[in-house]
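Summary of structural features
Listed below are the residues making up each chain.
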Amino acid sequence: MASQQPIPVYLICGFLDAGKTNFIAPMLTSRDFTKDERTLLIITEEGEEEYDPEAMAEYDVSCAVLEGKEDFTLERLRALEEKWHPTQVVIEYNGMWQLQDLEPALPRHWSLYQIVCVVEAPTFDSYSKNMASLMMEKLRNADMIIFNRVTDALAERLRQRNIKMLNRRAEMYLEYAGGDRVEDYDNGLCPFDLSQPILDLSDDEFGFWYTDCMDNMERYEGKTVRFRGMVAKSPKFPRGTFAVGRFAMVCCAEDTTFLAVLCSGPEGKRLQNRDWVEVTARVRIRKLAIYQGEGPLLETLEVRPAQPPQDPLVYF
């Protein structure tokens, strides 16, 4: 009978020719990853790149190729475990399969440890438009996202799209063409000039600021910001606070979400849900239950009525 010891599973996903094999191969020949381990590599689609069988044998990696989704079953994975007795599993996952198909096929003691999404940067826009649900599902659920074959121009476009909004918890990297240069997606740089007395955000800049503020709150502590947004009020908010934000669409209508920051000030008593206002406020970092930790709280300096923008949505 197969061992019931927990077996960590590393899922590497992405569309065909995205570079999954090139990402996995060095991992499987790294002593840091394979030392004292028996690794089972499960391939669910075969691209142009191939694995070196001699290297796989040297690092105690066994390989199984599954021909189609009908072969990716609980019974088949159990049989592979019985045959190879792995202590860890790496799955090169077919980009056309949904992640929801994964869970029913995994034996109960196979624990999904990490999801890595590999994206070919030059084709990202095309896949985002034509296969949005498949692409976005993987980006949203990934623990690590790697855009490869990046150029300087593509890096700028990817950053302008503020893809971090899709999945703020994921590590995200840009790997440049040639593989000799890797950068953090946000590259550690502040996207705004904070030397001005007031950070005056345009309608198009709100989404970018929101993401950066949530991820790098310390940059904005004590800074004054001004922006236009829609009011939201809820009994779930801390007493004396209200929220102001914008609806944002990442790639399609299904991905529309309300991005809002909490505000504290006497104006909240007279405001109604869906009022459009221009807020000038000072950013403070506060520990609040609604954030499940620290988050930005805007202490209002001025709140005045505003007209909604011509297009009320923020786009990424």
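Our subject in this report is the structure included herewith.

Each value, and the rule that gives it
- Residues numbered from 1 in each chain as written.
- Predicted model: local features only at pLDDT ≥ 70, side-chain atom pairs only at ≥ 80, totals over all residues.
- Heavy atoms only, no water.
- Salt bridge = Lys/Arg side-chain N within 4 Å of Asp/Glu carboxyl O.
- Helix = DSSP H or I, 4+ residues; strand = E, 2+ residues; numbered from the N terminus.
- Buried < 20%, exposed > 50% of the residue type's maximum accessible area, 1.4 Å probe, protein only.
- Contact = heavy atoms within 4.5 Å.
- Polar contact = N/O pair within 3.5 Å; in protein donor to acceptor, adjacent residues only side chain to side chain.
- Phe/Tyr/Trp six-rings, centres within 6.5 Å; stacked < 30°, edge-to-face > 60°.
- Pairing = 2+ DSSP bridges.
- Arc of directions from axis to C-beta.

1. Structural notes on the pattern of salt bridges
For the coordinates displayed, the defined rule picks out 18 salt bridges. Residue Glu-45 is joined to Lys-20 by a salt bridge in which the shortest nitrogen-to-oxygen separation is 2.7 Å. You can see Glu-45 sitting in the loop between strand E2 (39–43) and helix H3 (53–58) and its partner Lys-20 sitting in helix H1 (residues 20–28), a full 25 residues away along the chain. A relative accessible area of 3% means that Lys-20 is categorised as buried. Linking Asp-71 and Arg-76 is a salt bridge whose minimum nitrogen-to-oxygen distance equals 3.2 Å.

2. Re the environment of Ile-285
Within the secondary structure, Ile-285 sits in strand E13 (residues 276–288). Sequence separation between Ile-285 and Ala-153 is 132 residues; the distance between their C-alpha atoms is 35 Å. Apart from residues lying up to four places away in sequence, Ile-285 is in contact with Met-217, Glu-218, Glu-221, Glu-294 and Gly-295.

3. Observations concerning the side chain of Arg-246
Mapping Arg-246 onto the fold places it in strand E11 (residues 241–249). A polar side-chain atom of Arg-246 sits 3.1 Å from the main-chain carbonyl oxygen of Pro-312.

4. Quick notes on the environment of Gly-268
Looking at the element boundaries, Gly-268 is found in the loop between strand E12 (256–264) and E13. The exposure class assigned to Gly-268 is buried, which follows from its relative accessible area of 10%. The sequence separation of Gly-268 and Leu-16 amounts to 252 residues, and the corresponding C-alpha distance is 51 Å. Excluding residues within four positions of it along the chain, Gly-268 makes contact with Lys-233 and Phe-242.

5. Quick look at the packing of aromatic side chains
Applying the stated criterion across every chain, the model contains 14 aromatic pairs. Judged by centre distance (5.5 Å) and plane angle (85°), the ring pair of Tyr-93 and Trp-97 falls under edge-to-face. There is no split in this pair, since Tyr-93 and Trp-97 are both buried. Judged by centre distance (5.1 Å) and plane angle (40°), the ring pair of Phe-206 and Phe-227 falls under tilted.

6. Focus: the pairing of strand E1 (residues 7–14)
Counting buried positions along E1 yields 7 of 8 residues, so the element is predominantly enclosed. Pairing of E1 with strand E5 (residues 110–120) involves 7 bridges; the strand directions are parallel. Bridge pairing in E5 links Val-9 to Leu-112. Alignment of E1 against strand E4 (residues 88–94), held across 6 bridges, turns out to be parallel. Bridge pairing in E4 links Cys-13 to Tyr-93.

7. Brief notes about helix H6 (residues 132–141)
The buried fraction of H6 is high, at 7 of 10 residues. Turning to H6, its buried residues number three or more, namely Ala-132, Leu-134, Met-135, Met-136, Glu-137, Lys-138 and Leu-139. Contacts from the buried residues of H6 go to E1, E4, E5, helix H5 (124–130) and strand E6 (144–150).

8. Describing helix H7 (residues 152–160)
Taken together, the buried positions of H7 are occupied by Leu-154, Ala-155, Leu-158 and Arg-159. Across the axial projection of H7, the buried residues extend over an arc of 135°, all falling on one side. Opposite the buried face of H7, by more than 90 degrees, sit the exposed residues Asp-152, Ala-153 and Gln-160. In this fold, the buried residues of H7 make contact with H5, E6, strand E7 (171–176), strand E8 (182–184) and helix H8 (206–215). Just beyond H7, the residue with positive phi is Asn-162, at close to 55°.

All we've got here are geometric facts, nothing functional implied.
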